[in-house]
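Structural overview
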Amino acid sequence: MTQLRIAIVDDHSIFRSGLRAELDAALEVVGEAATVDEAIVLVEATRPRVVLLDVHLPGGHGGGGAEVIQRSAGASPETRFLALSVSDAADDVVRVIRAGARGYITKSSSGAEVSEAARRVAEGDAVFSPRLAGFVLDAFGAAAGETAATHDELDRLSQREQEVMRLIARGYSYREVAGELFISVKTVETHVSSVLRKLQLSNRHELTAWALERKLL
Amino acid sequence: METTATIVRPRLRVVGGVCAGVAGHLGAPVAVVRTIAVLLALCGGAGVLLYAWLWATTPVTDAPVDPRMRASLTTPAAGAAAASGSAVDSSRTEHLRRAPVTEILLGLALIGAGGALVVNSLGVEVPLAVVIPAIVVLAGVALAWRQFADLRAGTAASAPTLVVRSLGALVLVATGILLFFVTGETPNVWTVVVAAVSVLLGVGLVALPWVVRLTRDLGEERAARERANERAEIAAHLHDSVLQTLALIQQKAGPRSEAARLARAQERELRDWLFDTAPADDRDLASELRRLADVIEHDHPVRFELVTVGASVPAPESLLAAGREAMLNAARHAGGDVSIFVEVGPERIDLIVTDRGPGMSLDAIPADRLGVRESIIGRLARAGGSAVIGPGRGGSGTEVRLSLPVAVVTAAERGTDHP
């Protein structure tokens, strides 16, 4: 089995070493970085498959994790980013997601959870924490009863996507969501990826308002 | 008697608080200091000058008014008023703290003017050449002080306006001093020189205390800014080091452990202290649930993942009580990670508590045990909602689904608003 090459970017050495020790054996840590600039150099030099990226990072132009994603995109297009944060504040998370991160988990997640999420991201899927799923339901107006009419609509979620997001918000794993909705895990992954795409591309004002506030547009 | 490092004048005072301040600094009885001050004042006014100088240059204490001192200084009637309410109390302190310099000076000027007119009409020869300039000077000083006070407090009109007004008042002072000499005998070189020096001295004397105070205010402001910066730095450092370590402890220890529970409690306390995250709307359902979760997390090895979706609504009593019971059950019988999902829809509010514990079946619970049946299902049914208890995700654990129509909530709200 080939090892999954990952990099850890976080400005706290305690957290980096702690996380490194917790990750399972199938993950090979190719490097660590503590600032935006170090991270960009590291990604360019080692081209890891997945970068575990802290949302708040010193250095660079002050853009934190989002800046790393934007400035690394050219040098290493096949690298995927998984955001880690202690804050769990929606605007922090949305900032990195809209910059291109494939998912988000909290720092109190266990080593096994982080490893699983990294694998999922490496396979091209998206990773949503319950909090992020709840936020998505809010931002796309699902709670108010808004549902997408067509498949390619970007500003609203389809009925199925809403069901998946609700279950993820309740702490269900993808497998449990699949069992609950009588669909395959692959289909669940497709739905989550589709929601991620909408989250990154939608022009819904709840999302663009943040982007404008954070000078991302 | 405890002495103070520098002379500070108390807020509650007889005249300017100088004697009390000096007494506090030297550790001498106030009565002795006052007596010496009065004796010095009799020595050609030296004491008065010293008093004025100290009054202008010493700061007022930050310490609150000592109630015993207030009792000794206020008359019985004022004491009763002070005791009757804190609003009266603070306004009184404020009144005592700021000596009405302007009013006193303007009063003196007016009395002088009035007295001169009366005496003049009685046929007595009044030295108008002296009285008129004196009145002008007094009025000028009074007006200058008022502007300075406003300038310092940063209140009222814009700063440029105040500066212009202050300068105007100072010009008035200067004019008054000049009048002493102009109206006198025919001017010669010496009167001009003396007049110029007098004007400079006069204006300087009026402006000096204000300048001294302004510099002191600036120093205090700088110190306050430094303190705020320091605090922000400490907060940033704590955020970077301690919060991260606490997160790591939770990650390593697993949600069911005692270590994780302690780390979580500490993290929450530290966060509250660092970011002052007091919820703005106390009766909001989400913040009420968060508070409940915090309390339960403190006592049980459990971690609640609270996700709320939809509009912010005031917490309905029945839903909150039933939710609390469900959370407590999950904490007691399952522990570990427990998910709470709240969705406020257009028609109903859903609250779903899911745990990964051993599971619970209603049939297995003896009928005489009121816990779940009464406190969750019965309570919500009486409120017009519904509760379903069943197996959790993937058939393991327990899931409690509470549901309450929004119509019921708004009706109840209206009921409490207009009883």
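This is a predicted model, so every value here is computed, not measured.

Across its full length, chain A carries ten helices and five strands. The buried share of chain A, taken over its 217 residues, is 50%. Excluding contacts between residues fewer than 6 apart, the proportion of contacts in chain A whose partners are at least 24 apart in sequence is 61%.

The next point concerns the overall build of chain B. The helix and strand tally for chain B stands at 15 helices and five strands. Counting every position in chain B, which comprises 419 residues, the buried fraction comes to 27%. Put simply, of all contacts in chain B between residues at least 6 apart along the chain, 63% involve residues at least 24 apart.

It is worth spelling out the interface of chain A and chain B at this point. In this assembly, 25 residues from chain A lie in contact with 25 residues from chain B. Elements with a contribution of two residues or more to the side of chain A that touches chain B: α1 (13–22), α6 (130–139) and α8 (174–181) of chain A. Counting residues per element, the side of chain A that touches chain B draws most heavily on α6 of chain A, at five residues. Split by residue class, the side of chain A that touches chain B holds nine nonpolar, nine polar and seven charged.

Glancing now at the sheet that holds strand β4 (residues 386–391) of chain B. Read across the sheet, five strands follow the order β1-β2-β3-β5-β4 (chain B) without closing on themselves; strand pairing throughout is mixed. Since the sheet does not close on itself, it has two edges, and those belong to β1 (302–310) and β4 of chain B, each with one partner. For this sheet, the mean angle separating the axes of adjacent strands, direction not counted, is 10°. Both β4 of chain B and strand β5 (residues 398–405) of chain B contribute to a ladder of six bridges, which runs antiparallel. Bridge assignment links I389 of chain B to a residue of β5 of chain B, and that residue is V400 of chain B. Contacting β1 and β2 (336–344) of chain B, α6 of chain A runs over the sheet at an angle of about 10° to β1 of chain B.

A few words on the pairing of strand β5 (residues 103–106) of chain A. Residues and elements named next belong to chain A. Residues G103 and I105 of β5 are buried on one face, and the alternating residues Y104 and T106, pointing to the opposite face, are buried as well. Where strand β4 (residues 80–85) meets β5, four bridges bridge the pair, whose relative direction is parallel. Its bridge partner being in β5, A83 is matched across the sheet by Y104.

Turning our attention to the packing of helix α12 (residues 285–299) of chain B against helix α13 (residues 317–333) of chain B. Residue and element names in this part refer to chain B. Here α12 crosses α13 at 30°, and the two axes come no closer than 11 Å. As far as their axial angle goes, α13 and α12 are roughly parallel. As for the relative orientation of α12 and α13, their crossing is right-handed in sense. Of the residues in α13, those touching α12 at E288, L289, L292, A293 and I296 are L320, G323, R324, M327, L328 and A331. Tallied by class, the residues present in the contact of α12 with α13 amount to eight nonpolar, one polar and two charged.

Here the focus is unusual backbone geometry. Here R47 of chain A, not a glycine, exhibits a phi torsion of approximately 45°, which is positive. With respect to the helices and strands, R47 of chain A occurs in the loop between α2 (36–46) and β3 (50–54).

Turning our attention to the pairing of strand β1 (residues 4–9) of chain A. All names here are of chain A. Across the six residues of β1, five count as buried, placing the element largely inside the fold. Note: β1 against strand β2 (residues 27–33), six bridges, orientation parallel. Along β2, the bridge assignment pairs L4 with L27. Note that the unit made of β1, α1 and β2 has a crossover that is right-handed.

A separate point is the UniProt feature "modified residue: 4-aspartylphosphate" (unreviewed entry) in chain A. Here, the residues flagged by UniProt with the feature "modified residue: 4-aspartylphosphate" (unreviewed entry) are D54 of chain A. Setting aside residues no more than four positions away along its own chain, D54 of chain A makes contact with V9, D10, D11, G65, L84 and S85 of chain A.

The next subject is the sheet that holds β1 of chain A. The strands that make up a sheet pair up through hydrogen bonds in the backbone, lying either parallel or antiparallel. Residues and elements named next belong to chain A. Spatial strand order, β2-β1-β3-β4-β5: five strands in an open sheet with parallel pairing. Two strands in the sheet have a free side with no partner beyond their single neighbour: β2 and β5. Sheet twist, expressed as the average angle between the axes of neighbouring strands with direction ignored, equals 25°. Of the pairings in the sheet, the one linking β1 to β3 comprises four bridges and is parallel in character. When the bridges of β3 are listed, I8 appears paired with L52.

This next bit is on the nonpolar core. Within the largest apolar cluster, 110 residues are counted, with the highest numbers of intra-cluster contacts made by L52 and L82 of chain A. Inspection of this core shows a minimum of three residues originating in each of domain 1 (4–127) and domain 2 (132–213) of chain A. Look past the residues within four positions of L52 of chain A in its chain and what remains in contact with it is I6, I8, V9, L82, L84, V114 and A118 of chain A. Core analysis: the second largest hydrophobic core is formed by 19 residues, W145, A174, I177 and V206 of chain B among them.

Right, let's talk about the environment of I377 of chain B for a bit. Residues and elements named next belong to chain B. Among the secondary structure elements, I377 is positioned in helix α14 (residues 371–382). Residues I377 and V400, 23 residues apart in the sequence, show an inter-C-alpha distance of 9.8 Å. Residue contacts for I377: discarding those within four places in its chain leaves V372 and A387.

Criteria and thresholds
Residues numbered from 1 in each chain as written. Chains lettered and ligands numbered in written order. Predicted model: local features only at pLDDT ≥ 70, side-chain atom pairs only at ≥ 80, totals over all residues. Helix = DSSP H or I, 4+ residues; strand = E, 2+ residues; numbered from the N terminus. Buried ≥ 20, exposed ≤ 12 C-beta atoms within 10 Å, placed from the backbone. Contact = placed C-beta atoms within 7 Å. Nonpolar A, V, L, I, M, F, W, Y, C, P; charged D, E, K, R; others polar. Pairing = 2+ DSSP bridges. Axes fitted to C-alpha atoms, helices over the stretch in contact; angles between N-to-C directions. Parallel < 35°, antiparallel > 145°, perpendicular 65-115°, else oblique. Left-handed = near helix turned anticlockwise from the far one by under 90°. Right-handed = clockwise from strand over helix to strand, strands pointing away. UniProt positions renumbered as here; feature names shortened; annotations may be inferred. Core = buried A, V, L, I, M, F, W, Y, C linked by C-beta atoms within 7 Å. Domains from an automatic or database assignment.

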